Every structure is written in C-alpha cells, then in structure tokens.
Amino acid sequence: MSSIPVAIIGGSGVYQFPGLQESEEVDIDTPYGKPSDKILTGSLGKIRLAFLPRHGRHHSIAPSVLPYRANIYALKSLGVRWIISLSAVGSLHEKYKPRDFLIPLQFFDRTKNTQHHSFFERGIVAHASFGDPICNRLASVLFQSASAAGANCHWGGTYVNMEGPVFSTRAESEFHRKMNFDVIGMTNLAEAKLAREAEISYATVAMITDYDCWHESVKEVTVDDVVAVLKDNAELATETVRRCIGALNLSETTPCHNALATAFATPKEFWPKEQVLKLGPLIEKYI
C-alpha cells in the first residue's frame, strides 16, 4: 500500500467521510491493540487519505477507554504526517455559539487517567516539547478553509479536556469559565500528545454543539442535542476538510515532524531491542 499522508479522525456524530474514491477498509493490528475501528482509506482527487471514527462506527467506545495509542500508531504505520481532528465540544462563552467552529491552539488537561498518553514509558524514555500542542501551519489552513466554506469559525483559544463520559457539573462548568477556557471536550489532548510523539502534525476543528451546562437560559446538554447539531454541520465539516487538504502542502515539513530529534533521554546504546521493535515506525528514522 502506498503511503497515506493525511488522516481525519471523526468524533461524535462523524462516523464516515463521504466521497472517497477507490475506498477500502484496512484492518490493522498494533502493539497497543486494535484501533477504534477499521480505517477507511481512499482518494480525494490525487490525494490519498485515511479516515478513522474515534469512537467506532457505532459509537461504542467511551472517551476514557479509547485506544488512543493504537489509533495514532496505526495511522503512523500508514505513513500519515497530518491529522485533522473533527470534534464535538461545548462552548464556555456566549460568543461561541452552537454550530460555530473554533480552531484551538492550546489544551488544558483535566483528565485523571493519563496512563496511556505516551508511547515512551519503559526502556526508551523521550520528552517531546509540547508548549505549542497544535500544529500552527495546519491550524491556519483549517481556519482559512472553514471560513471559505461558510463556517462561522473562530481562531485560537484553549480546549479544556475533561474526563467524561459524564458531562460537566454546573460548578465545574463555571470553574472552567473563570479559568477563561474556551471550549470543553473529552478526547483531543491524548491524541495531540501521541501525535507529537509520532511526529505527526495535528490540529482540531472544534465543532460547537452546546453551552455545556453553564448557560442558564438553555437546558442541560444531551446526546441528542449534540448529534443533531453535528448532523447539521456534517456537510460543512466535510467541505472544510476538502478545502484544507487541497490547500495544504502535504510534503511540507513542520517542527512537529521532527519532534523527537532532541527528545530522547535514554542513550541509543541502551535502547532495548524489544522496545525498538515495538515502537517501530515511531522511531525508525532515529535507529
């Protein structure tokens, strides 16, 4: 199979990517288990891409138990260098309205289970820089593409990553607002960390579905509310991705693509062979 440079990870309500030509499903095993689902590969014009439904095609995997490492490892093994995340989020400010898009540049971690947020746990230790967790180049093209597609798209801000799967309490929601976070979700931080370790440029299209539970004039968010908004925005999200892929120089190199160059704490002569084999495509260029 030829290398696939770009992947889309679809979140809640985004379980397929229409219009792919020469499409086929790829079933991949990784040292970290199976990904969330089979990966759909195909072409948009001359560009090969992969699509992975984050929670599985029937939304059967909760955020706290998603196979994050398997998902990113599988995409890396296909040759992916760019990941576009489509994600449902709640708004923490009046100015970010349901059906708006936001391209965040920062994350804040409010999760408790971070055990599987790194590939480098034993044998080979690496500390990748993560001060700027989003690829600015990819984010810029996504913002331009979403705006051109007709979305009311906002630039920048912080995505606070909560644990889930239960939605926020009002006290939590008000705390996040006082901390001046912009949107809230349950999944993207782990993906961004692992993508950085895999030297993949990663950016998020945060699709706002609700006002979390802080907005007194609006009833508490439900799954039906989220899915209804996402269905309305599905075509807009797809068009945003199409425009972005067409505008992006997929052969371009960003700092994300060399994130491990200065990250290894374990001297190479002490790398265990079993870990070298396990990490495979993640570190092959440094062997």
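Refer to the structure above for everything that follows.
Residues numbered from 1 in each chain as written. Predicted model: local features only at pLDDT ≥ 70, side-chain atom pairs only at ≥ 80, totals over all residues. Heavy atoms only, no water.

Colleague: Explain the packing of helix H1 (residues 68–77) against helix H4 (residues 188–197) here, please?
Modeller: The description of two packed helices rests on the angle between their axes and on the distance between the axes. Orientation of H1 relative to H4, taken along the N-to-C sense of each, is 40°, at an axis distance of 10 Å. Here H1 lies oblique to H4, going by the angle between them. Handedness of the H1/H4 crossing: right-handed. Each of Tyr 68, Arg 69 and Ile 72 in H1 lies in contact with H4, whose residues at this interface are Ala 190, Glu 191, Leu 194 and Ala 195. Counted by class, the contact of H1 with H4 contains five nonpolar, no polar and two charged residues. (Axes fitted to C-alpha atoms, helices over the stretch in contact; angles between N-to-C directions. Helix = DSSP H or I, 4+ residues; strand = E, 2+ residues; numbered from the N terminus. Parallel < 35°, antiparallel > 145°, perpendicular 65-115°, else oblique. Left-handed = near helix turned anticlockwise from the far one by under 90°. Contact = heavy atoms within 4.5 Å. Nonpolar A, V, L, I, M, F, W, Y, C, P; charged D, E, K, R; others polar.)

Colleague: Can you walk me through the pairing of strand S4 (residues 47–53) in this structure?
Modeller: Each regular strand shows side chains that alternate between the opposite faces of the sheet. Counting buried residues in S4 gives six out of seven residues, a clear majority hidden from the surface. Bridge count between strand S1 (residues 6–10) and S4: five bridges; the pairing is parallel. Looking across to S4, one finds that Val 6 is bridged to Leu 49. Sheet topology places strand S3 (residues 39–44) next to S4; five bridges connect them, and they run antiparallel. Paired with Leu 40 across the bridge in S4 is Phe 51. Where S3 hands over to S4, the hairpin turn is made up of two residues, of which Gly 45 adopts a positive phi near 65°. (Buried < 20%, exposed > 50% of the residue type's maximum accessible area, 1.4 Å probe, protein only. Pairing = 2+ DSSP bridges.)

Colleague: Even after reading the chapter, I still don't get H4, so can you show me in this structure?
Modeller: Given 3.6 residues to a turn, an α-helix orients residues that are three or four positions apart in the same direction. Taking burial as the measure, the 10 residues of H4 include nine buried ones, the bulk of the element. Summarising the contacts, the buried residues of H4 are in contact with S1, H1, strand S5 (82–91), strand S7 (106–109), strand S9 (158–161) and strand S11 (201–210). Of the residues trailing H4, Glu 199 is marked for its positive phi of about 60°.

Colleague: Help me out: how do you make sense of unusual backbone geometry in this one?
Modeller: Among all residues save glycine, negative phi is the norm, and among peptide bonds the norm is trans. Following Gly 164, the chain continues into Pro 165 via a peptide bond in cis, with omega recorded as 5°. With respect to the helices, strands and loops of the structure, Pro 165 is situated in the loop between S9 and helix H3 (170–178).

Colleague: What is the right way to look at the packing of aromatic side chains in this model?
Modeller: Enumeration according to the criterion identifies 11 aromatic pairs in this entry. Taking the ring centre of Trp 214 as reference, the NZ or CZ of Arg 177 above it sits at 3.7 Å. The ring of Trp 271 carries the charged tip of Lys 268 above its face, separated from the ring centre by 5.9 Å. (Phe/Tyr/Trp six-rings, centres within 6.5 Å; stacked < 30°, edge-to-face > 60°. Lys NZ or Arg CZ within 6 Å of the ring centre and 35° of its normal.)

Colleague: Teacher, can you tell me more about the state of the cysteines here?
Modeller: On inspection of all chains with the given rule, the structure shows zero disulfides. In this structure Cys 256 is a free cysteine whose sulfur lies 4.3 Å from that of Cys 135, the closest cysteine sulfur available. (Disulfide = S-S within 2.5 Å.)

Colleague: Whenever I open this one, the environment of Met 207 confuses me. Can you help?
Modeller: Along the chain, Met 207 turns up in strand S11. On the basis of relative accessible area, Met 207 is assigned to the buried category, the value being 1%. Distance from Met 207 to Gln 106, taken between C-alpha atoms, is 16 Å for residues 101 residues apart in sequence. If we skip the residues at most four places from it in the chain, Met 207 touches Val 14, Leu 86, Ser 87, Ala 88, Val 89, Asp 100, Phe 101, Leu 230 and Ala 237.

Colleague: Explain the pairing of S9 to me, please; I cannot follow it from the model alone.
Modeller: Both faces of S9 are covered, namely the face carrying Thr 158 and Val 160 and the face carrying Tyr 159 and Asn 161. Considered for its hand, the β-α-β crossover made up of S9, H3 and strand S10 (residues 183–185) is right-handed. (Right-handed = clockwise from strand over helix to strand, strands pointing away.)

Colleague: Help me understand the pattern of salt bridges in this model?
Modeller: Side chains carrying opposite charge are able to pair once their charged atoms draw close together. Under the criterion given, the structure shown has 11 salt bridges. In this structure, the salt-bridge partner of Arg 57 is Asp 37, at a minimum N-O distance of 2.8 Å. With Arg 57 in the loop between S4 and H1 and Asp 37 in the loop between strand S2 (21–26) and S3, the pair connects residues that are 20 residues apart, well separated along the chain. Under the relative-accessibility criterion, Arg 57 is labelled partly exposed at 34%. The buried category is assigned to Asp 37, whose relative accessible area is 17%. For the salt bridge of Arg 177 with Glu 174, the shortest nitrogen-to-oxygen distance reads 3.5 Å. With Arg 177 and Glu 174 both in helix H3, this residue pair falls three residues apart, about one helical turn. Through salt bridges with shared partners, one network takes in Glu 25, Asp 37 and Arg 57. (Salt bridge = Lys/Arg side-chain N within 4 Å of Asp/Glu carboxyl O.)

The values are spatial; any link to function lies outside them.
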